[in-house]
Structures are given as C-alpha cells and as structure tokens.
Amino acid sequence: MHLDLVDHLRCPHPHPDITGGVPLVCVAGKVEGRQLHEATLGCAVCHARHAVTRGIGWFGVGAMPTPTAVARTVADQPELVRLAALLNLDAPGGFVLLDEAWATFAVPVADTFGVAVVLVADAPSVLAHPNVSVLAGLGDALPFAPAVLRGAALGASATLARLASAAMGLTPNGRLVAPVQCAPPPALSILARDDRHWVAEPRAEPVSLRRAPPSPLPRTPGQ
Ligand SMILES: [Zn+2]
C-alpha cells in the first residue's frame, strides 16, 4: 500500500454525523520507501481495526486469507486504451479505483498512464508494484475520503450501494465507469453510454441565482 493513500482512507463503517468520514489512524510496522508493508489502520470513533499485511489492506472479518497472485499484464491493448478513454486519463497523477473485474488492468493502467491505482478486491491478491495498492474484504462501503478519486471502474457485480460509495469518493470532474446493467447512482450524470458501459460524473451542485439588491441612490450635496 502506498503511504500517500493512507491519508485519504476513511473508516468504512457508517459515521453519518461526521462530515467527510473518520480518518483511519495508521500505526506503521514495516515501511520501505513510500510502501507500507505491515501496519494497523484504526478508527478512533468505532475502534475498528484493519490490518495491512504484505502490503494489502484487509477490511474483512477474521484473519486475512492467503493472498493469490494477479496477472500483471493485459493482452487486450485496445481494451486498455478504451478504459483510459472512459476514465479520461489524459494526464498523470491522482488515484484511480479498479475493482476485481478490472484486476488485470491495474498494473498496465499504473504503468501506462502514470496514475496511482487502488485495486479493491473481495479476496486479497498480491500485486507488488509501487503505484498499485490493494484493499480487500470490503463490503459496499468503500474507505475513501470525498474528492480523492479521479476515476473508478467497477464490474458487473457492483451493487448500487458500492457505486454510490465510489461516487462519493470522486473529484468534481471524476469519472465512474460501470457495466450498462448496473443502475447509476442518482448523484451522477451520465456522460456517455454504449452497449457495454456507461460513464458518469458527479452532478454539479445547483447554483442559486438571486437578484442583486438595488444599489442606494447617490446622495446629492445639500440633501
Ligand atoms: Zn469507524
């Protein structure tokens, strides 16, 4: 897990009275450079604890299962370019969330487009790469602060609740990509749709227009 990601993680448990979520406190064990290999992430409000083991953030119940390896290359280059276009990866930097439907794209997206990828998988997987962080065992609630993700691509198993949680983490111009059979969360506006995916971005906050108050008439001398 990249250390820069830790600052943007929030407790996945509901804390509706705390705007923006509760930051997770990191007690680091083993760190190499900017990579967090062993640590505990804790919530100061609900006291939940999540272990970082072998660099993988484990949010599931009980001990983390033995992680499996994920392919690091994608054979389908046009599909990689299509994903980058959907996510609007026109410049390097920022965080992109991929779920396990897109797992084999994690390393190619990080390498080709210079973004930090966060792979959210049900089962822990090993992807030793300086710009790919793996979070596993999460439910529908994703542990991101608001306005962190420049893009997110989820697969067909994504629930409306998980899509809504990913949408909460998007930057104002961030993109969410999901299969057309998934219903988009109401907080998003659909930008484009084909026979496979839709791509959406957060709805702009409505701007209220009010008539300016009349300016006072200038006083003339002697009045
Ligand atoms: Zn909490």
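Model, not experiment: these values are computed from the prediction. (Residues numbered from 1 in each chain as written. Predicted model: local features only at pLDDT ≥ 70, side-chain atom pairs only at ≥ 80, totals over all residues. Heavy atoms only, no water.)

1. Side note on the coordination of the zinc ion
Using the following cut-off: We call an atom a donor if it is N, O or S and sits within 2.8 Å of the metal, or 3.2 Å for Na, K and Ca. Water is not counted, so some sites may look partial. In this scheme the shape depends on donor count and angles: four donors with every angle between 85 and 135 degrees give tetrahedral, four or six donors with opposite pairs above 155 degrees and others between 65 and 115 give square planar or octahedral in turn, and any other case is irregular. Exposure is judged per residue with a 1.4 Å probe applied to protein chains only, and the accessible area is read against the type maximum: over 50% gives exposed, under 20% gives buried, and values in between give partly exposed.
Within the first shell, the zinc ion binds the protein through Cys-11 (SG), His-15 (NE2), Cys-43 (SG) and Cys-46 (SG), at distances of 2.1 to 2.3 Å. Note that the zinc ion binds four donor atoms; their angles at the metal cover 107 to 114°, and the shape is tetrahedral. Sequence spacing of the donor residues for the zinc ion, all on one chain, is C-x3-H-x27-C-x2-C. Among the residues examined, Cys-11 registers a relative accessible area of 8% and is labelled buried. Residue His-15 is classed as buried on the basis of its relative accessible area of 13%.

2. A look at the environment of Glu-79
Counted only if it meets this: Strands here are runs of E lasting at least two residues and helices are runs of H or I lasting at least four, both read from the DSSP assignment and numbered beginning at the N terminus.
Within the secondary structure layout, Glu-79 lies in helix H2 (residues 77-87). Its relative accessible area of 13% is what places Glu-79 among the buried residues. For the pair Glu-79 and Phe-105, spaced 26 residues apart in the sequence, the C-alpha separation amounts to 9.2 Å.

3. Some points on the sheet that holds strand S9 (residues 132-136)
Quick reminder of the rule: Following DSSP output, two strands are said to pair if at least two bridges run between them. Axis definition: a line fitted to C-alpha atoms, limited for helices to the stretch in contact. Angles are taken between N-to-C directions and run from 0 to 180 degrees. Every residue pair with non-hydrogen atoms within 4.5 Å of one another is taken to be in contact.
Read across the sheet, 11 strands follow the order S1-S2-S3-S4-S9-S7-S6-S10-S11-S13-S12 without closing on themselves; strand pairing throughout is mixed. Strand pairing shows two members of the sheet lacking a second neighbour, strand S1 (24-32) and strand S12 (188-193), which therefore form its edges. Taking each pair of neighbouring strands and ignoring which way they run, the sheet shows an average axis angle of 20°. Strand direction decides the pairing type here: strand S6 (residues 95-99) and strand S10 (residues 149-153), joined by four bridges, are parallel. Its bridge partner lying in S10, Phe-95 is registered against Leu-149. Across the face of the sheet, helix H4 (residues 160-168) comes into contact with S6, strand S7 (116-121), S10, strand S11 (170-179), S12 and strand S13 (197-202) while running at roughly 155° to S11.

4. Let's talk about the pattern of salt bridges
Short version of the rule: For this document, the term salt bridge refers to a Lys or Arg side-chain nitrogen within 4 Å of an Asp or Glu carboxyl oxygen.
Taken as a whole and assessed by the stated rule, the structure comprises five salt bridges. Between Glu-79 and Arg-82 there is a salt bridge, with the nearest N and O atoms lying 4.0 Å from each other. A residue pair is termed a helical-turn pair when its members lie 3 or 4 positions apart in one helix, as Glu-79 and Arg-82 do in helix H2 at three residues. For the pair formed by Glu-79 and Arg-82, the shared burial category is buried. Measuring nitrogen to oxygen at the nearest pair gives 2.3 Å for the salt bridge that ties Arg-196 to Glu-79. Of this pair, Arg-196 sits in the loop between S12 and S13 while Glu-79 sits in helix H2; the two residues are 117 residues apart in sequence, bridging distant segments of the chain. On the basis of relative accessibility, which here comes to 35%, the residue Arg-196 falls in the partly exposed class.

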